[in-house]
Amino acid sequence: DYEFRQRLTVTAKKAAAIVSKVRIHEAKTVWKKVEDEDGDVFPGMCFTLAKERMESTMLWKIVKKFPKGALLHAHLEAMVDMDWLLDRALETKGMHIYSNVPLTAENLDTANFEFQYSPTTPESSDSIYSTTYIPLTLIPITTAADTFPRSNSSRNAFHAWFKNRTTITPDESMRHHEGINLIWAKFQSIFQVIGGIIFYEPIFRRFLREILHNVQADGCLWADIRIAFLMQFRAAETGEILPRHHVVRIFGEVVDSYVKETSGAFWGSRIIWTHIRAMEAETISKSMRECIDAKTRYPSIISGFDLVGQEDKGRSLHSHLPELLQFRRLCTDAGVDIPLYLHAGETVGDGTETDNNLFDAVLLGAKRIGHGYSMYKHPHLMQLTREKGICLEVCPISNEILRLTSSIMFHPLPSLLANGVPVSINNDDPGILGQMTTASMTHDFWQVLQAYDNVGLEGLGDLAETGVRYAAFEGAEVGVEEGITKERLQLWREEWERFCAWVVEEFAEWA
């Protein structure tokens, strides 16, 4: 952040000095053990235990107001509070729940279940909670909620059960001794549960608008959103399954409407088309062709392509080389440009096939790398990413909850920053992992500011500016300060100055 610090105005320097004093003060006064509490209390402690306390601090007020620029790494399905999503499902006539087994007392916490819109309900008097339930029979979600067997207050108990099944619970987030595979199994199962609700057209429109509103309310002006194109997208009222390119069309309609609603104060959002890396080559190639077709139909909306899912148990980028190289040829033939923004290095391995994904991501010309957690183990790769201008989309809280690190204090982010690697800060899956709509990106930025002495408000500003520089604006090359990127960097810098002036005025007693 040397260059950024050299450009600081007098006001920005004053604001940074104030924030430093507030941070040091709260490290001594807020983050101290209360006698009747178990364990120690310290800045940078694990997120689950720190969340409530951090949200009560002065530093939280500052970071909440902080202009965060652009969100580069987040998965659409996991960007909204699950309570909000269930409320939308319950108020939607025709939304049903079904399972491949009866949901009995013995398997309520483990059995698979999904949701589906249907304009008609099969004739069945058997409860989904009864042993006589016929597997895969659609049951109205309101019926399932009102007859939930665990409490006299069925609706409230159904809410609690749904949230337990569709989020990483505080208890689960703390069980690091169980390793990565178990938490990923729970994490990935959630997307299958909630997809049937999200991808019913009327809910999808409201869902996306809720995302855009929350992103803007959190001080962010742009979002590159990853969507896994495996969904069955159902039309309003009829429930007809539509071609997936309609997801792209409606995404564009909702974003355009929201940008107009904000009179352009919110810059917009684009889609990074994703598919699951564990799937077979033929399936992924088919998805790539769908992506190219959607890009030709709606060229301004698709911004990139990625392969997602647990890296350690998925196929490596090296094994996907035939599909990825074919994708590049097909894009050329179709006359479209779809850059690669690849997940890589989301692992604790060293020299493993998953760790080696980082090398292949660089060799494949990825413009951005999702997570890049294990990059710090490879000095030459850090040099290459710096020289080639490849940005790492770092997600600190996600890396902690999914058991790559026990807390922000052990995250490799300081090593990446010290080696000059371009880095943006992101929230990944806030609706599932625990940040939720109370702040979303604010938690991740707060963790970075409070944990590391070398960052400060100046470093936070550099991270946010990097996010804007590497955002996938239409018609711009990520990482290049020209055209629309240059314009929006200037807009962000003006917002940064207003923020710094606010800090100086609001916390004048700390000057």
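It should be noted that the structure appears before, not after, this text.
Keep in mind that what you see is a predicted model, and the values were worked out from it rather than measured. (Residues numbered from 1 in each chain as written. Predicted model: local features only at pLDDT ≥ 70, side-chain atom pairs only at ≥ 80, totals over all residues. Heavy atoms only, no water.)

### Quick word on the sheet that holds strand β2 (residues 95–99)
- Reading across the sheet, the three strands line up as β3-β2-β4 and stay open at both edges, with antiparallel pairing between neighbours. Only two strands of the sheet have a single neighbouring strand rather than two, namely β3 (113–117) and β4 (139–140).
- Taken together, the two bridges between β2 and β4 define a ladder with antiparallel strand orientation. When the sheet's bridge partners are listed, Ile97 is paired in β4 with Ile139. (Pairing = 2+ DSSP bridges. Helix = DSSP H or I, 4+ residues; strand = E, 2+ residues; numbered from the N terminus.)

### Things to note about the packing of aromatic side chains
- Within this structure, the stated rule accounts for 29 aromatic pairs.
- Between the aromatic rings of Phe113 and Phe115, the centroid separation amounts to 5.8 Å while the plane-to-plane angle is 85 degrees, which identifies the pairing as edge-to-face.
- Considering the side-chain rings of Phe305 and Phe327, the 4.9 Å spacing of their centres and the 40 degrees angle between planes classify their relative orientation as tilted. One end of the pair, Phe305, is in strand β9 (residues 302–308); the other, Phe327, is in helix α13 (residues 321–334), and 22 residues separate them in sequence. An identical accessibility class is assigned to Phe305 and Phe327; each is buried.
- By way of ring pairs, the aromatic residues Phe4, Phe66, Phe445, Trp492, Trp496, Phe499, Trp502 and Phe507 are connected into one cluster.
- Positioned above the aromatic ring of Trp502 is the side chain of Lys65, whose terminal nitrogen or guanidinium carbon lies 5.4 Å from the ring centre.
- Between Arg368 and the ring centre of Tyr341, over which it is positioned, the NZ or CZ distance is 4.3 Å. (Phe/Tyr/Trp six-rings, centres within 6.5 Å; stacked < 30°, edge-to-face > 60°. Buried < 20%, exposed > 50% of the residue type's maximum accessible area, 1.4 Å probe, protein only. Lys NZ or Arg CZ within 6 Å of the ring centre and 35° of its normal.)

### Thoughts on the side chain of His245
- Take His245: it is sitting in helix α11 (residues 245–261).
- Relative accessible area serves as the criterion here: at 13%, His245 is assigned to the buried category.
- In this view, His245 contacts Asp293, Ala294, Arg297 and Tyr298; residues no more than four positions away in its chain are not counted. (Contact = heavy atoms within 4.5 Å.)

### A closer look at the packing of helix α19 (residues 441–451) against helix α20 (residues 456–469)
- One way to put it is that α19 packs onto α20 with a least axis distance of 9 Å and a crossing angle of 140 degrees. Regarding α19 and α20, the two cross each other, and that crossing is right-handed. Across the interface between the two elements, Phe445, Val448 and Leu449 from α19 touch Gly456, Leu457, Leu460, Leu463 and Ala464 from α20.
- Among the residues forming the contact of α19 with α20, the class breakdown is seven nonpolar, one polar and no charged. (Axes fitted to C-alpha atoms, helices over the stretch in contact; angles between N-to-C directions. Left-handed = near helix turned anticlockwise from the far one by under 90°. Nonpolar A, V, L, I, M, F, W, Y, C, P; charged D, E, K, R; others polar.)

### Things to note about the layout of surface pockets
- Taken as a whole, the largest pocket holds about 810 Å³ of empty space.
- Lining the largest pocket are 31 residues; nearest its centre among them are Gln188, Phe191, Gln192, Ala228 and Leu230.
- When contributions to the lining of the largest pocket are tallied by element, the ones reaching two or more residues are β3, α9 (180–198) and β8 (268–276).
- Broken down by element, the residue count for the lining of the largest pocket peaks at seven residues, all from α9.
- Tallied by class, residues from the lining of the largest pocket come to 14 nonpolar, 11 polar and six charged.
- Put simply, the second largest pocket is a space of about 610 Å³.
- In terms of lining, the second largest pocket is formed by 27 residues, of which the most central are Asp1, Tyr2, Leu417, Val421 and Asp462.
- Across the lining of the second largest pocket, the residue classes tally to 12 nonpolar, six polar and nine charged. (1 Å grid on protein atoms, 1.4 Å probe; cavity = no way out; pocket = protein on both sides within 12 Å on 5 of 7 lines; lining within 4 Å. Points joined across faces, edges and corners; volume = space filled by probe spheres on them.)

### As for empty space enclosed by the protein
- What the rule picks out here adds up to two cavities of 30 Å³ or more.
- The volume enclosed by the largest cavity comes to roughly 70 Å³.
- Taken together, 10 residues make up the lining of the largest cavity; nearest its centre are Met79, Asn214, Val215, Pro430 and Ser440.
- A per-element tally of the lining of the largest cavity places helix α10 (residues 201–217) first, with three residues.
- Across the lining of the largest cavity, the residue classes break down as six nonpolar, four polar and no charged.

### Concerning the side chain of Asp306
- Within the element layout of this structure, Asp306 appears in strand β9.
- Looking at Asp306, the relative accessible area reads 0%, which means it is buried.
- Side chain to side chain, Asp306 and Arg226 meet in a polar contact 2.8 Å long.
- Apart from residues no more than four positions distant in its own chain, Asp306 is found in contact with Arg226, Ile272, Trp273, Thr274, His275, Tyr341, Leu342 and His343. (Polar contact = N/O pair within 3.5 Å; in protein donor to acceptor, adjacent residues only side chain to side chain.)

### Structural notes on the pairing of β2
- Of all five residues that make up β2, five are buried, and the element is covered over most of its length.
- Because side chains alternate across β2, one face comprises the buried residues Met95, Ile97 and Ser99, and the other comprises His96 and Tyr98, equally buried.

### Concerning the sheet that holds strand β11 (residues 368–371)
- Taking strand neighbours across the sheet as the criterion, the four strands line up as β10-β11-β12-β13 in an open arrangement whose pairing is parallel. Two strands bound the open sheet, and with one partner strand each, they are β10 (341–344) and β13 (423–425). Recorded for the sheet is a direction-independent mean angle of 30 degrees between the axes of neighbouring strands.
- With four bridges joining them, β10 and β11 adopt parallel strand pairing. Bridged to Ala344 within β11 is His371.
- The sheet contacts of α20 involve β12 (391–394) and β13, and relative to β13 the element is tilted by about 100 degrees.

### Points about unusual backbone geometry
- With a phi angle near 75 degrees, Leu136 is a residue other than glycine that sits in the positive phi range.
- In this fold, Leu136 is placed in the loop between β3 and β4.
- A relative accessible area of 56% means that Leu136 is categorised as exposed.
- Even without glycine at this site, Asp428 takes up a positive phi of about 65 degrees.
- With respect to the element layout, Asp428 can be found in the loop between β13 and α18 (430–433).
- By relative accessible area, which is 1% here, Asp428 ends up buried.

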